[in-house]
Amino acid sequence: MVTATQDIILEEIHVEGYERVVKCSDPKTGMKAIIAIHDSRLGPALGGTRIYPYEKFDDALFDVLRLSKGMTYKSALTESGLGGGKSVILLDSVKGKTPEMLRSFGRAVEALEGKYICAEDVGCSTEDVKIIREETVNVVGLAHKNSSGNPAPFTAWGVFRGIQATALALFGTESLQGKKVAVQGLGSVGMILTDLLFWHGAKVIATDLDENRCLHAKQKYGIEIVKPDEILFVECDILAPCALGGIINKGSIPKLKCKAVAGATNNQFLDEKTDSKKLAERGILYAPDFVINAGGLINVEFELCKEGYNPIVARNKVDKIFDTLTSIYSIAKQNRITTLQAAISLAEHRLEYGIGKRVENLCFHH
């Protein structure tokens, strides 16, 4: 079905297992986007807006479907009272981002009548969501007195606590003193994670496509820097992917020299079912990405509360990622299943029985 509203063309795409997938376009501004709502049984779907120069439409569709499904599980396991959704804007590498394009996307979000709430993500800054907000109220992460602000510190803290839980499972202690951690990607989350690891005595090896970030991290923390194509295969205790997904696959798994994979990247497996089993067969522990990187979602959920955002409450809930991940490791071990299967089973249980379902209306303080 194709509909049009305020010059925005909305085309429904049927995808089995998804509540709604919409192709959005505006010929006047050149905006092309996809909004995917995977599951809203526990609350309205929330997920960031990724702006990326996809080579073709099918690549963008593949990305948004995986990301929105991950948001469903992430929301369920954190009991955020939100559903799983995601959006991607197909960036024209020549024209780039324009305010007009972002406003068009905002009108597309508004046309979904509150069923999807967008936020910043890869390629989408706080300034971008501010422009999107001009056309829709269904936005989080804006700068105002009740805003949750930059989610990166909370995501990084959750990943760090997840790495501690992983160390506990591997070594019987959550201490990272002397443990070797390889960080792939020194962006907003990866750099903060490196800072936390440094101050807790870990030996950090890192990389980034940006040489200036690498130089900065090396000078500040005295860490070892390797080339981007080497980081996955360095010998280490824990590999922490903090860049784009799909890096744990049939080609990379046989060459990994880590004891565990625990990082911020979404969709770390290229093929979840097959790759998660192959990783487990190699005896490498895996921290499911939608569990360990949930800090940003947890942070923003409190922005939507009636009483307004509270960073202390948000921090304390992010801290519980340690407990959630420890439980998942235990469930996987007891039932002789992969940690990914354990996490999905726990999330599906909460979805089926409505555990953590939203009882209060969302409050957009902006």
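Our subject is the structure listed above.
A short tour of the structure in this document, coming up. Remember, predicted model here, so these are calculated numbers, not experimental data.

1. Focus: the overall build of the chain
When helices and strands are tallied, the chain shows 12 helices and 14 strands. Relative to a compact globule of 366 residues, whose C-alpha radius of gyration would be 21 Å, the chain shows 20 Å and is just as compact. With the C-alpha coordinates of the chain rotated into their principal frame, the extents come out at 60 × 45 × 40 Å. The 366 residues of the chain split such that 53% are buried. Of the contacts made within the chain by residues no fewer than 6 positions apart, 66% connect residues no fewer than 24 positions apart. Total accessible area on the chain is roughly 16400 Å²; 51% of this is exposed by carbon and sulfur atoms. Each charge class in the chain can be summarised by its mean position, and for the 44 positive and 45 negative side chains these summaries are 4 Å apart.

2. Comments concerning a nonpolar patch on the surface
Together, Tyr 52, Val 122 and Leu 244 make up a nonpolar patch on the protein surface, roughly 220 Å² of accessible area in all. The exposure class of Leu 244 is partly exposed, given its relative accessible area of 38%.

3. A word on the environment of Thr 72
Positionally, Thr 72 belongs in helix H1 (residues 57-78). For the pair Thr 72 and Pro 99, spaced 27 residues apart in the sequence, the C-alpha separation amounts to 30 Å. Those residues in contact with Thr 72 that sit more than four places away from it in its chain are His 38, Asp 39, Gly 84 and Leu 351.

4. Observations concerning the pairing of strand E10 (residues 203-207)
A large share of E10 lies buried, amounting to four of its five residues. Here strand E9 (residues 180-184) runs beside E10; their pairing, made up of five bridges, is parallel. Pairing of Val 183 across the sheet is with Ala 206, part of E10. A crossover connection joins E9 to the parallel E10 through helix H5 (residues 188-199); in handedness this β-α-β unit is right-handed. Note: E10 against strand E11 (residues 224-225), two bridges, orientation parallel. Residue Ile 205 lies in a different strand from E11, and its bridge partner there is Glu 224. In this region the chain leaves E10, passes through helix H6 (residues 211-221) and returns to the parallel neighbour E11; the handedness of that crossover is right-handed.

5. Overview of helix H12 (residues 339-352)
Spanning 14 residues, H12 covers 20 Å between terminal C-alpha atoms, matching the ideal 20 Å at 1.5 Å per step. Check the buried side of H12 and you find it contacts strand E4 (31-39), H1, helix H7 (272-281), strand E14 (285-286), helix H8 (289-292) and helix H11 (321-335). Of the residues trailing H12, Gly 354 is marked for its positive phi of about 65°.

6. Things to note about the nonpolar core
Ranked by internal contacts, the top residues of the largest apolar core, which has 67 residues, are Ile 163, Val 183, Leu 197, Leu 239, Ile 248 and Leu 279. Sort the elements by how many residues they give to this core and helix H4 (residues 152-171) lands first, with seven residues. Ile 248 has contacts with Leu 239, Ile 253, Leu 256, Val 261, Gln 268, Phe 269, Leu 270, Asp 275 and Leu 279, leaving out every residue within four places of it along the chain.

7. So, the sheet that holds strand E13 (residues 260-261)
Strand order in the open sheet made by the six strands is E11-E10-E9-E12-E13-E14, with parallel pairing throughout. The open sheet has two edge strands with one neighbour each: E11 and E14. By the bridge criterion, two bridges tie strand E12 (residues 238-241) to E13 in an arrangement that is parallel. Of the residues in E13, the one forming a bridge with Leu 239 is Val 261.

8. Overview of the packing of H11 against H12
Think of two packed helices as two axes; the pair is described by the angle between the axes and how far apart they sit. One can describe the packing of H11 onto H12 by two numbers: an axis separation of 8 Å at closest approach and a directional angle of 110°. If you check the angle between H11 and H12, you find them roughly perpendicular. Note that H11 runs across H12; the crossing there is right-handed. Contacts between H11 and H12 pair Ile 328, Tyr 329, Ile 331 and Ala 332 from the former with Thr 339, Ala 342, Ala 343 and Leu 346 from the latter. Split by residue class, the contact of H11 with H12 holds seven nonpolar, one polar and no charged.

9. Points about the pairing of strand E7 (residues 83-90)
Looking along a regular strand, one sees side chains alternate from face to face of the sheet. By the criterion of burial, E7 is predominantly enclosed, with eight of the eight residues buried. Burial along E7 is two-sided: the face carrying Gly 83, Gly 85, Ser 87 and Ile 89 and the face carrying Gly 84, Lys 86, Val 88 and Leu 90 are both buried. Here E4 pairs with E7 via six bridges, running antiparallel. When the sheet's bridge partners are listed, Ile 35 is paired in E7 with Ser 87. Here strand E5 (residues 45-46) pairs with E7 via two bridges, running parallel. When the sheet's bridge partners are listed, Ala 45 is paired in E7 with Gly 83. Across four bridges, strand E6 (residues 49-52) lies against E7 in parallel orientation. If you follow Tyr 52 over to E7, its bridge partner there is Leu 90.

The rules behind each value
Residues numbered from 1 in each chain as written. Predicted model: local features only at pLDDT ≥ 70, side-chain atom pairs only at ≥ 80, totals over all residues. Heavy atoms only, no water. Helix = DSSP H or I, 4+ residues; strand = E, 2+ residues; numbered from the N terminus. Rg over C-alpha atoms; globule rule 2.2 N^0.38 Å. Buried < 20%, exposed > 50% of the residue type's maximum accessible area, 1.4 Å probe, protein only. Contact = heavy atoms within 4.5 Å. Areas by Shrake-Rupley, 256 points an atom, 1.4 Å probe, with all protein chains shown as cover. Lys, Arg positive; Asp, Glu negative; His and termini not counted. Charge placed at Lys NZ, Arg CZ, Asp CG, Glu CD. Patch = residues over 30% accessible without salt bridge, like charges linked within 9 Å, V, L, I, M, F, W, Y side chains within 5 Å. Salt bridge = Lys/Arg side-chain N within 4 Å of Asp/Glu carboxyl O. Pairing = 2+ DSSP bridges. Right-handed = clockwise from strand over helix to strand, strands pointing away. Expected span 1.5 Å × (residues − 1). Core = buried A, V, L, I, M, F, W, Y, C linked by side-chain atoms within 4.5 Å. Axes fitted to C-alpha atoms, helices over the stretch in contact; angles between N-to-C directions. Parallel < 35°, antiparallel > 145°, perpendicular 65-115°, else oblique. Left-handed = near helix turned anticlockwise from the far one by under 90°. Nonpolar A, V, L, I, M, F, W, Y, C, P; charged D, E, K, R; others polar.

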